[in-house]
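Architecture and fold: a report
What follows is each chain in one-letter form.
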Amino acid sequence: MVVGAGWIGADLHADHGVDLRLGVGVASFAHNGSRVIGVLLRDGTLLPADVVVAGIGVEPATG
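Quick caveat: nothing in here was measured; it's all calculated off a predicted structure. (Residues numbered from 1 in each chain as written. Predicted model: local features only at pLDDT ≥ 70, side-chain atom pairs only at ≥ 80, totals over all residues. Heavy atoms only, no water.)

**Concerning the pattern of salt bridges**
So the rule is basically this: Salt bridge, as applied in this entry: a Lys or Arg side-chain nitrogen positioned within 4 Å of an Asp or Glu carboxyl oxygen. Here the term buried applies to any residue with accessible area under 20% of the maximum for its type, exposed to any over 50%, and partly exposed to those in between, with areas from a 1.4 Å probe on protein chains only.
The final tally for this structure, using the stated rule, is one salt bridge. Note that R21 is salt-bridged to D19, the shortest N-O span being 2.8 Å. When its relative accessible area of 54% is taken as the criterion, D19 is described as exposed.

Right, here's the structure in full:
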C-alpha cells in the first residue's frame, strides 16, 4: 500500500495489475534509433516499452 495523497490512485492501478516501481529513478531510455523500446531504471532494470508517458511535477515558487 502506498502512503500519502496518491494512495487511492496507486492502489487502484496496483489492483488492476500495474507494476508500480516506487523510489526508483529513470536512468535513460532505450531506443532503436527512431523509437523508444524500453526504460532503463537506476537500479539496472530494463523495462520493455512501446510507449512512454512522462509526468514531471513542479513545486511553486512562493518565496
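**Overview of the pairing of strand 1 (residues 26–31)**
Applicable threshold: When DSSP finds at least two bridges between two strands, those strands are taken to pair. Secondary structure is summarised from DSSP: a helix means a run of H or I of at least four residues, a strand means a run of E of at least two, and numbering begins at the N terminus for each.
One ladder, built from five bridges, connects strand 1 with strand 2 (residues 36–41); its direction is antiparallel. The partner of S28 across the bridge, within strand 2, is L40. Where strand 1 folds back on strand 2, the antiparallel hairpin that results is connected by four residues, among which G33 adopts a positive phi of roughly 105 degrees.

**Thoughts on the sheet that holds strand 3 (residues 46–48)**
We apply this condition: Orientation is described by lines fitted to C-alpha atoms, with helices fitted over the stretch in contact, and by angles between N-to-C directions that extend from 0 to 180 degrees.
One open sheet holds the three strands; their spatial order is 1-2-3, and the pairing between them is antiparallel. Across the chains shown, the open sheet's two edge strands, defined by having one partner strand only, are strand 1 and strand 3. In this sheet, neighbouring strand axes are inclined to one another by 25 degrees on average, regardless of whether the strands run parallel or antiparallel. As judged from the three bridges shared by strand 2 and strand 3, these two strands associate in the antiparallel manner. Paired with L40 across the bridge in strand 3 is L46.

**Considering the environment of D19**
Note the threshold: Within 3.5 Å is the distance limit for a polar contact, defined as a pair of N or O atoms, with the added protein rule that one can donate a hydrogen and the other accept it, and that residues adjacent in sequence qualify only through two side-chain atoms.
When you line up the elements, D19 lands in the loop between helix 1 (7–15) and strand 1. Along the primary structure D19 and L40 are separated by 21 residues, whereas in three dimensions their C-alpha atoms are 15 Å apart. Here R21 takes part through its side chain, which lies 2.8 Å from a polar atom of the side chain of D19.

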